[in-house]
Amino acid sequence: MTVATAISAQHRTSPVPAVRRWTTTEIEALFRLPFADLMFRAQEIHRAHHDANTVQLSTLLSIKTGGCSEDCGYCSQSARHETVEREQLLELNEVLAAAQAAKAKGASRFCMGAAWRGPKDKDLDRVMEMVQAVKGLGLETCVTLGMLKEGQAERLAEAGLDYYNHNLDTAPEFYGQIITSHTQADRFDTLGKVRDAGIKVCCGGIVGMGESRRGRASLIAELANMTPQPESVPINNLVPIPGTPLENAPPLEPFEFVRTIAVARITMPTSYVRLSAGRQEMSDEMQSLCFLAGANSIFYGDKLLTTGNAEAARDQALFQQLGIHPL
Ligand code: SAM
Ligand code: DTB
Ligand code: SF4
């Protein structure tokens, strides 16, 4: 068989370009590399696929806060923890004003989050209006609304939604210790619906919840083995919130967080790896190591969903110091 026929045979059997499968053990071996070797490998891969001095900026808005039926142990918005004031779904004009402000500050994507197990169809009508209006400002749009029912992803696609955020959150083996009100299989089901509707996938997880290194490797394996891989991979460092079951989780050792970013970069070469929650607590030097490890996206703006974020002015100063251009 010639090379050309071998390639076309491969294309016949697999419409999606073949991406290698990673085992948890292989990923654990990456985690164990000497730090300089790990960073070098991450940089080589990063530079082969991205402009190494560009970082994409997404601004978050909580469009519906608190009162969620789910029991995610890290989350301030579960009705079982009652750590935040409940709010109704925001009005369109409030969302538009926040999106305009985000654009004026330099964000390229606007991400709207709702504390729902999943949206009701009448909620979805209103979110669709928000997506259309935000898109009309020339921003990319992302929503995170929980689990989707049949037909809902298609409706979001019709509204012009660019990305849907739905995280695997942690290793399959550890999931039941953090969340019992739904399963990780439910999350995969929604991710499949999003993909089938032609919406880009934003899918990552949280580290620092007391999982082992193997647990972190297993989460990265699950993400990297998705075909196609998620276009956007948020890596959140747990923000321990008083009143949640994880309020006293011991913080992850900082180099271990940087290693997680590097391993995500190596295993998901073309994805945007987002340095997500937990950035406010990080020094500029630590953030810089994360960029060197291949992070090329952040949440930008003074607030995440219910907790604070690094301030925009601080980010601007850091970008200037490092010669980073926002995308
Ligand atoms: N209800 C929807 C869902 O669960 O997909 C959307 C909102 S939920 C708050 C979005 C993501 O934020 C979670 O999947 C989790 O990865 C992240 N997150 C929530 N609370 C966090 C915390 N305290 N620290 C770090 N990440 C957190
Ligand atoms: C994601 O992975 N992280 C964001 C976004 N997707 C929705 C949320 C972080 C939330 C941090 C805790 C809070 O502000 O409530
Ligand atoms: Fe609800 Fe999402 Fe928070 Fe879980 S992470 S409690 S589903 S808002």
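Look up a bit, the structure's there.
Owing to the predicted nature of the structure, the values given are computational and were not obtained by experimental measurement.

## Some points on the site of ligand 3
Inference 1: Taken together, Cys68, Glu70, Cys72, Tyr74, Cys75, Ser78 and Ala115 make up all the residues around ligand 3.
Inference 2: Of the residues assigned to the shell around ligand 3, the class counts are five nonpolar, one polar and one charged.

## Side note on the pairing of strand β3 (residues 140-144)
Inference 1: Of all five residues in β3, four are buried; the element is thus mostly enclosed.
Inference 2: In terms of strand pairing, strand β2 (residues 109-114) meets β3 through five bridges, oriented parallel. Paired with Phe110 across the bridge in β3 is Thr141.
Inference 3: Between the parallel elements β2 and β3, the chain passes through helix α5 (residues 121-136) in a crossover that is right-handed.
Inference 4: Pairing between β3 and strand β4 (residues 163-165): two bridges, direction parallel. Each bridged residue has a counterpart across the sheet, and for Cys142 the counterpart in β4 is Tyr163.
Inference 5: As for the winding sense of the linkage, the β-α-β connection from β3 through helix α6 (residues 152-158) to β4 is right-handed.

## Considerations on the packing of aromatic side chains
Inference 1: Scanning the model with the defined rule gives one aromatic pair in all.
Inference 2: Geometrically, the ring pair formed by Phe35 and Phe255 is edge-to-face, given 5.4 Å between the ring centres and 70 degrees between the ring planes. Of the two residues, Phe35 sits in helix α3 (residues 35-49) while Phe255 sits in helix α10 (residues 254-267), which places them 220 residues apart along the sequence.
Inference 3: For Phe35, a relative accessible area of 24% puts it in the partly exposed group.
Inference 4: Overall, the relative accessible area of 43% leaves Phe255 in the partly exposed class.
Inference 5: The ring of Trp22 has Arg20 lying over it, and the distance from NZ or CZ to the ring centre is 3.7 Å.
Inference 6: We note Arg274 situated over the ring of Phe299; from NZ or CZ to the ring centre the distance is 4.7 Å.

## Considering the site of ligand 1
Inference 1: Taken together, 17 residues form the shell around ligand 1, and within it Thr144, Asn167, Asp169, Arg187 and Val239 come nearest.
Inference 2: One of the backbone nitrogen or oxygen atoms of Trp116 is found 3.3 Å away from a nitrogen atom of ligand 1.
Inference 3: In the environment of ligand 1, an oxygen atom lies 2.9 Å from a nitrogen or oxygen atom belonging to the side chain of Asn167.
Inference 4: Summarising the interface, the protein chains cover 90% of the accessible area of ligand 1, which totals 550 Å² for the free molecule.
Inference 5: Of the residues assigned to the shell around ligand 1, the class counts are nine nonpolar, six polar and two charged.

The rules we used
- Residues numbered from 1 in each chain as written.
- Chains lettered and ligands numbered in written order.
- Predicted model: local features only at pLDDT ≥ 70, side-chain atom pairs only at ≥ 80, totals over all residues.
- Heavy atoms only, no water.
- Near = heavy atom within 4 Å.
- Nonpolar A, V, L, I, M, F, W, Y, C, P; charged D, E, K, R; others polar.
- Buried < 20%, exposed > 50% of the residue type's maximum accessible area, 1.4 Å probe, protein only.
- Helix = DSSP H or I, 4+ residues; strand = E, 2+ residues; numbered from the N terminus.
- Pairing = 2+ DSSP bridges.
- Right-handed = clockwise from strand over helix to strand, strands pointing away.
- Phe/Tyr/Trp six-rings, centres within 6.5 Å; stacked < 30°, edge-to-face > 60°.
- Lys NZ or Arg CZ within 6 Å of the ring centre and 35° of its normal.
- Polar contact = N/O pair within 3.5 Å; in protein donor to acceptor, adjacent residues only side chain to side chain.
- Areas by Shrake-Rupley, 256 points an atom, 1.4 Å probe, with all protein chains shown as cover.

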